[in-house]
Amino acid sequence: DFKLGRPAEARARAERLAGEAERRGDQRLRAEALNVLGFVAKSGGDFDGAEERFATALALARARGDRAGEARFLHNVGLVRYNRGEDASAREVVDRSLELATEIGDPVQVGWAVNTLGLLALRGQDAPAAIGLFERAVAEGRRGGHREIEALSLNNLAMIAHERRELARARELLTRSLALLE
């Protein structure tokens, strides 16, 4: 529901799932529901609420020894910190997410983390580093079969090309990005 642009429905469903998971003692399902609730809160600008939900999901993943969940939820905490402008703290947790995702061989999570590190580099005015990171995110998205990461990172590369007035390159990157989403 959330990815379809229906945050109210996503929130209601995730709250039901979180309650059900808590009653059943299903910590994995509870963490996933909290993750959705974190994204709903983040999309509404409630960064404190989002970070609290992601941090709780992170704690649940760590308690279960779920390294893939830990990598995802660390990344999500980093996204919230990025949105708040807390770049040093965001970089720290996203670096840890990348480290875990690399250790477990998860190209999708590597792609998300590398894309976010690219955004941080771009915000820090380091376009060459950002380009390298976005190119790596494209490759990881492709390797993991995750078109959304690939498309998002191509879009970020197009934004840089546009800022550099490389309009033909920007158009080519955007065309590739859109083709992945069709």
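On a predicted model such as this, the values are computed, not experimentally measured, just so you know.

**Q** Before we go on, may I ask you to explain the overall build of the protein in this structure?
**A** The secondary structure content of the protein amounts to 9 helices and 0 strands. Taking 16 Å as the expected radius of gyration for a compact globule of 182 residues, we find that the protein reaches 17 Å, a close match to that expectation. Overall size of the protein, expressed as C-alpha extent along the three principal axes, is 55 × 30 × 30 Å. Taken across its 182 residues, the protein has 43% of its residues classed as buried. In the protein, the share of contacts with a sequence separation of at least 24, taken over all contacts with a separation of at least 6, comes to 48%. For the protein, the accessible area works out to roughly 9400 Å², and carbon and sulfur atoms hold 50% of it. For the protein, the distance from the average position of its 29 positive side-chain charges to the average position of its 29 negative side-chain charges is 3 Å.

**Q** Even after reading the chapter, I still don't get the side chain of serine 177, so can you show me in this structure?
**A** Structurally, serine 177 can be placed in helix H9 (residues 167-181). Filtering out sequence-adjacent residues up to four positions away, serine 177 remains in contact with Ala151, Leu154 and Asn155.

**Q** What is the right way to look at the packing of aromatic side chains in this model?
**A** Two numbers describe a pair of aromatic rings. These are the distance of the centres and the angle of the planes. Applying the stated criterion across every chain yields a total of 1 aromatic pair. Look at phenylalanine 39 and phenylalanine 54: their rings are 5.1 Å apart centre to centre, the planes differ by 70°, and that puts the pair in the edge-to-face class. With phenylalanine 39 in helix H2 (residues 27-43) and phenylalanine 54 in helix H3 (residues 47-64), the pair connects residues that are 15 residues apart, well separated along the chain. The ring of tyrosine 82 carries arginine 123 above its face, with NZ or CZ at 3.9 Å from the centroid.

**Q** Where do I start with the pattern of salt bridges in this structure?
**A** Scanning the entire structure with this criterion turns up 18 salt bridges. As a salt-bridge pair, glutamate 20 and arginine 24 come within 2.5 Å of each other at their nearest N and O atoms. Taken together, the residues span about one helical turn, with glutamate 20 and arginine 24 both in helix H1 (residues 7-24) at a distance of 4 residues. Residue class for glutamate 20 comes out partly exposed when judged on its relative accessible area of 30%. Residues participating in the shared-partner salt-bridge network are Asp48, Glu51, Arg81, Arg84 and Glu86.

**Q** What is the right way to read helix H5 (residues 87-104) from this model?
**A** At 3.6 residues per turn, the α-helix brings residues three or four places apart onto the same side. Between its terminal C-alpha atoms H5 stretches 25 Å, which fits the 26 Å expected from 18 residues at 1.5 Å a residue. Among all positions of H5, only Asp87, Ala90, Val93, Val94, Ser97, Leu98, Leu100 and Ala101 are buried. Projected down its long axis, H5 shows its buried positions confined to an angular sector of 165°, all on one face. Residues of H5 that are exposed and point more than 90 degrees away from the buried face comprise Ala88 and Glu92. If you follow the buried residues of H5, they end up packed against helix H4 (67-84), helix H6 (107-123) and helix H7 (127-143). Glycine 105, located one to two residues past H5, shows a positive phi value of around 75°.

**Q** Help me understand the packing of H2 against H3, please; the structure alone is not making it clear to me.
**A** Helix-helix packing is characterised by the crossing angle of the two axes and by the distance between the axes. For the pair H2 and H3, interaxial distance at closest approach is 8 Å and the crossing angle is 160°. Considering the angle they form, H2 stands roughly antiparallel to H3. The two elements H2 and H3 meet at a crossing, and its hand is left-handed. Within the contact between the two elements, H2 uses Gln27, Arg28, Arg30, Ala31, Leu34, Asn35, Leu37, Gly38, Phe39, Ala41 and Lys42 and H3 uses Phe47, Gly49, Ala50, Arg53, Phe54, Thr56, Ala57, Leu60 and Arg64. Counted by class, the contact of H2 with H3 contains 10 nonpolar, 5 polar and 5 charged residues.

Parameters at a glance
Residues numbered from 1 in each chain as written. Predicted model: local features only at pLDDT ≥ 70, side-chain atom pairs only at ≥ 80, totals over all residues. Heavy atoms only, no water. Helix = DSSP H or I, 4+ residues; strand = E, 2+ residues; numbered from the N terminus. Rg over C-alpha atoms; globule rule 2.2 N^0.38 Å. Buried < 20%, exposed > 50% of the residue type's maximum accessible area, 1.4 Å probe, protein only. Contact = heavy atoms within 4.5 Å. Areas by Shrake-Rupley, 256 points an atom, 1.4 Å probe, with all protein chains shown as cover. Lys, Arg positive; Asp, Glu negative; His and termini not counted. Charge placed at Lys NZ, Arg CZ, Asp CG, Glu CD. Phe/Tyr/Trp six-rings, centres within 6.5 Å; stacked < 30°, edge-to-face > 60°. Lys NZ or Arg CZ within 6 Å of the ring centre and 35° of its normal. Salt bridge = Lys/Arg side-chain N within 4 Å of Asp/Glu carboxyl O. Expected span 1.5 Å × (residues − 1). Arc of directions from axis to C-beta. Axes fitted to C-alpha atoms, helices over the stretch in contact; angles between N-to-C directions. Parallel < 35°, antiparallel > 145°, perpendicular 65-115°, else oblique. Left-handed = near helix turned anticlockwise from the far one by under 90°. Nonpolar A, V, L, I, M, F, W, Y, C, P; charged D, E, K, R; others polar.

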